[in-house]
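Observations on chain architecture
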Amino acid sequence: MRKFFQTSWFGIPFENFTIQDSQHIASETFYTKFYDQFFQKYYSYNDIEPQWCNTKDQVTQLVLSQIQNRTSVLSIGCGIGYVEDSLSKLWDGKLTVIDPAKSNVTRWLDTNTKIERILGYFPKDVPNNQDFDFAYANAIDYVFTVDDFHLFLQSIQQYPISEVLLISASFQSSRLKDSLKYHLKQIASNLGLIPKGQFWGYLRTRKEYQNALIDAGFNSFQDGFLENGTYWIKGIAK
Ligand SMILES: C[S@@+](CC[C@H](N)C(=O)[O-])C[C@H]1O[C@@H](n2cnc3c(N)ncnc32)[C@H](O)[C@@H]1O
């Protein structure tokens, strides 16, 4: 597992709205401020770069392929809800989304009556008695330390939700070239040659993802890569 840092996201430099903190991970306040900037730059899903949309379209297809026999699905850390908006047009079950950012981050879903929205964290902010037979978290696991990741996955397994799909935006490649690139960047930022940036989260290896699901109580897993190289892993608790 390795720490990684970021200086911009969606073409928005973090220095425009905050002092970047290389010691502490981006907080809920950070994400709230970020999304305030984001919604000043983008006015609808159509404004976002096609490459980002293509990547997320592959995620939508993956999720869709997993939920054909499901009736109630939860998306944890949905962000702006692009995948969920697409999914709701292709799948007829009950789709619930949850995200902690306070800047009405799901505002583009306002007119989408097929999606139920919750502001906050899973599981503490999910109102009682909601059953889900499948959950997925797209590009959020990078925020968790080893212990928090364990508690997060355990809380899903114990909720109980019998299957969870993680789509990783923070996969730690085992290729020598990628490892060298990572270390050279670390050296350059430690020497002050390039800005270190905001502490963004953790990269995890395939083995670390697999072990995390099993340690959290899932009985088995399936994993693979999307066409664009994105790693995914599904924990199965039955
Ligand atoms: C990189 S974005 C991904 C958003 C969306 N899933 C996507 O793929 O476009 C990460 C999201 O995770 C949310 N987040 C941050 N910490 C979280 C936590 N502890 N639990 C759940 N979501 C969290 C943030 O508010 C943000 O919207």
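Preceding this paragraph is the structure being described.
Anyway, here's the lowdown on the structure attached to this text. Keep in mind the model is a prediction, meaning the values are calculated, not measured.

**Section: the site of the ligand**
Surveying the vicinity of the ligand reveals 18 residues, the closest of which are Tyr35, Lys56, Gly77, Asp99 and Asn138. One of the side-chain nitrogen or oxygen atoms of Asp99 is found 2.7 Å away from an oxygen atom of the ligand. Taking 600 Å² as the accessible area of the ligand by itself, protein coverage stands at 89%. Counting residues per element, the ones that place at least two in the shell around the ligand are α1 (28–41) and α2 (50–66). Looking at the shell around the ligand, its residues break down into 13 nonpolar, three polar and two charged.

**Re helix α6 (residues 206–215)**
Buried within α6 are the following residues: Tyr209, Gln210, Ala212 and Leu213. Along the long axis of α6, the arc covered by the buried residues comes to 160°, so they all point the same way. Opposite its buried face, α6 presents the exposed residues Lys207 and Asp215, each directed more than 90 degrees away. One or two steps after α6, the chain reaches Gly217, where phi turns positive at roughly 110°.

**Side note on the nonpolar core**
Judged by nonpolar contacts, the single largest core of 45 residues is most densely connected at Phe34, Tyr35, Phe38, Ile80 and Tyr136. Put simply, the parts of the chain that give this core at least two residues each are α1, α2, α3 (82–90), β5 (94–99), β7 (134–138), β8 (163–167) and β9 (198–203). Residues within four places of Tyr35 in sequence aside, it is in contact with Trp9, Gly79, Ile80, Ala101, Ser103 and Val105. Among the nonpolar cores identified, the runner-up in size contains 26 residues, and Leu153, Ile161, Leu166 and Ile233 belong to it.

**Some words on the pairing of strand β10 (residues 220–225)**
In this structure, β10 lies alongside strand β11 (residues 231–236), joined through six bridges in antiparallel fashion. Bridged to Phe225 within β11 is Tyr231.

**What about the sheet that holds β5?**
Strand order across the open sheet formed by seven strands is β6-β5-β4-β7-β8-β11-β10, with mixed pairing between neighbours. This sheet does not close on itself; its edge strands, each paired only once, are β6 (115–119) and β10. Taken pair by pair, the neighbouring strands of this sheet meet at an average axis angle of 15°, ignoring direction. Of the strands in this sheet, β8, β10 and β11 touch α6, which is tilted by about 20° from β11.

**Here's the deal with the packing of α2 against α3**
At a minimum axis separation of 9 Å, α2 and α3 run at an interaxial angle of 50°. One element, α2, and the other, α3, form an angle in the oblique class. Along this stretch, α2 crosses α3, giving a crossing that reads as right-handed. Contact with α2, carried on its side by Trp52, Cys53, Lys56, Asp57, Val59, Thr60, Gln61, Val63 and Leu64, involves Tyr82, Val83, Ser86, Leu87 and Leu90 of α3 and no other residues of that element. Per-class residue counts for the contact of α2 with α3 are nine nonpolar, three polar and two charged.

**Some details on a nonpolar patch on the surface**
On the surface, Leu184, Ile187, Leu191, Leu193 and Ile194 cluster together into a nonpolar patch covering about 520 Å² of accessible area. Here Leu184 lies in helix α5 (residues 176–190). Judged by its relative accessible area of 57%, Leu184 falls in the exposed class.

**Brief notes about the side chain of Ser72**
Note on placement: Ser72 falls in strand β4 (residues 72–76). The class for Ser72 is buried, based on a relative accessible area of 8%. Within the structure, Ser72 has its side chain in polar contact with the backbone oxygen of Asp131 (distance 2.7 Å). Once residues lying within four places of it in the same chain are set aside, the contact partners of Ser72 are Trp91, Lys94, Asp131, Phe132, Asp133 and Phe134.

**Some thoughts on the environment of Ile67**
Tracing the backbone through its elements, the reader meets Ile67 in the loop between α2 and β4. Residue Ile67 is classed as buried on the basis of its relative accessible area of 0%. Residues Ile67 and Gln186, 119 residues apart in the sequence, show an inter-C-alpha distance of 40 Å. If we skip the residues at most four places from it in the chain, Ile67 touches Val73, Leu87, Trp91 and Phe134.

Basis of the calculations
One numbering rule holds for all chains: residues counted from 1, following each sequence as written. Given that the model is predicted, a residue must reach a pLDDT of at least 70 before its local features are reported, and side-chain atom pairs must reach 80 or more before they are shown or counted; all residues, however, enter totals for whole chains, interfaces and linings. Values reported for side chains reflect all heavy atoms of the structure, with hydrogen atoms and water molecules removed beforehand. Put simply, a residue is near a molecule or strand once any heavy atom of it comes within 4 Å of that molecule or strand. Nitrogen and oxygen atoms within 3.5 Å of one another constitute a polar contact, given that in protein one can donate a hydrogen and the other can accept it, and given that sequence-neighbouring residues count only through two side-chain atoms. Computed with the Shrake-Rupley method and a 1.4 Å probe, the accessible areas treat only the protein chains shown as cover for residues. Counting from the N terminus, the helices are the DSSP runs of H or I reaching at least four residues and the strands are the DSSP runs of E reaching at least two. Only Asp, Glu, Lys and Arg are considered charged, only Ala, Val, Leu, Ile, Met, Phe, Trp, Tyr, Cys and Pro nonpolar, and every remaining residue, Gly among them, polar. With a 1.4 Å probe rolled over the protein chains alone, any residue whose accessible area is under 20% of its type maximum counts as buried; one over 50% counts as exposed, and the rest are partly exposed. Read the arc as the range of directions from the helix axis to the C-beta atoms. Nonpolar core, defined: a set of buried Ala, Val, Leu, Ile, Met, Phe, Trp, Tyr and Cys residues in which side-chain atoms within 4.5 Å join the residues together. Note on contacts: a residue pair is in contact if any heavy atoms of the two residues lie within 4.5 Å. Any two strands with at least two DSSP-identified bridges between them are counted as paired. Axis lines are fitted to C-alpha atoms, over the contacting stretch for helices. Their N-to-C directions set the angle, which ranges from 0 to 180 degrees. When an angle is under 35 degrees it counts as roughly parallel; over 145 it counts as roughly antiparallel; between 65 and 115 it counts as roughly perpendicular; any other value is oblique. By definition, turning the near helix anticlockwise from the far helix through less than a right angle yields a left-handed crossing, and turning it clockwise yields a right-handed one. Patches draw on residues past 30% relative accessible area with no salt bridge. Two like charges within 9 Å are joined, as are two nonpolar side chains (Val, Leu, Ile, Met, Phe, Trp, Tyr) within 5 Å. Between Lys or Arg on one side and Asp or Glu on the other, a salt bridge is scored when a side-chain nitrogen of the former is within 4 Å of a carboxyl oxygen of the latter.

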